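A look at the structure
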Amino acid sequence: MMFLWALCGVPFGVYAIAQNFNIPIQVQPQAFMTLCLVGWAQVLIYGSKWPTWKATLLALTIACIFAGVEAALILTLRPLYEAGNETPIQAIGIIAAILLANCTNATVESWA
């Protein structure tokens, strides 16, 4: 669950940065993603009894991969958005909303 929440940070970050929202809105998805990856590493350590170094290394590796994907998407989609083509950015926003809705739905179902 925590990993899925962290995964939501990538498209939300792309959406916010490519549309040049204000700085707090651009930073929020990255902070959210970082905290979710820390929480996921803690789940691996305390829930699945992983060694701390292994869970930390995995979380840092995934954070680097997420950062690379986000940077590639921003560098690819921002020129398109500035040229007037809003469709790719809207698609990223829709993907982000669908991912978040699935995470929220799973959370609500786990309480029932």
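Going by the structure above, here's the rest.
The structure reproduced in this document is the subject of the present report. (Residues numbered from 1 in each chain as written. Predicted model: local features only at pLDDT ≥ 70, side-chain atom pairs only at ≥ 80, totals over all residues. Heavy atoms only, no water.)

Here's the deal with the overall build of the protein chain
Rules: Helix and strand assignments follow DSSP, with helices taken as H or I runs no shorter than four residues and strands as E runs no shorter than two, numbered in order from the N terminus. Working definition: with a 1.4 Å probe on protein chains only, accessible area under 20% of the residue-type maximum means buried, over 50% means exposed, and in between means partly exposed. Throughout, a residue-residue contact means that at least one pair of heavy atoms, one from each residue, lies within 4.5 Å. The accessible surface values rely on the Shrake-Rupley method and a 1.4 Å probe; as for residues, cover is taken only from the protein chains in view.
Regarding its fold elements, the protein chain presents four helices and zero strands. Order of helices (α) and strands (β) in the protein chain, N terminus to C terminus: α-α-α-α. Considering only C-alpha atoms, the protein chain reaches an extent of 50 × 35 × 20 Å along its principal axes. Looking at the protein chain residue by residue over its 112 residues, the buried ones come to 30%. Put simply, 68% of the contacts in the protein chain that link residues at least 6 apart link residues at least 24 apart. When the accessible surface of the protein chain is split by element, carbon and sulfur atoms take 71% of a total near 6,900 Å².

Thoughts on the nonpolar core
Here is the rule we go by: Note on terminology: a nonpolar core comprises buried Ala, Val, Leu, Ile, Met, Phe, Trp, Tyr and Cys residues joined through side-chain atoms within 4.5 Å.
Ranked by internal contacts, the top residues of the largest apolar core, which has 13 residues, are Ala 6, Met 33, Leu 37, Trp 40, Ala 55, Ile 62 and Phe 66. Broken down by secondary-structure element, the contributors of at least two residues to this core are helix 1 (2-18), helix 2 (23-47) and helix 3 (52-82). Of all the elements, helix 2 adds the most residues to this core, at seven residues. Setting aside residues up to four positions removed in sequence, Trp 40 forms contacts with Met 2, Phe 3, Leu 58, Ala 59 and Ile 62. The next biggest cluster of nonpolar side chains, apart from the first, holds seven residues, and it includes Val 14, Ile 17, Ile 89 and Ile 92.

Focus on helix 1
Structurally, the α-helix is built with 3.6 residues per turn, so residues lying three or four positions apart point the same way. Note the cut-off: In a helix, the anticipated span is given by 1.5 Å times the number of residues less one.
Spanning 17 residues, helix 1 covers 25 Å between terminal C-alpha atoms, matching the ideal 24 Å at 1.5 Å per step. Listed as buried for helix 1 are Ala 6, Cys 8, Gly 9, Val 10, Pro 11, Gly 13, Val 14, Ala 16, Ile 17 and Ala 18. Following helix 1 by one or two positions, Asn 20 adopts a phi angle in the positive range, close to 60 degrees.

Quick notes on helix 3
In this model helix 3 runs 44 Å from its N-terminal to its C-terminal C-alpha over 31 residues, within 8% of the 45 Å that 1.5 Å per residue would give. For helix 3, the full list of buried residues reads Ala 55, Ala 59, Ile 62, Phe 66, Glu 70, Ile 74 and Leu 77. At the exit of helix 3 stands Gly 84, carrying a positive phi of roughly 105 degrees.

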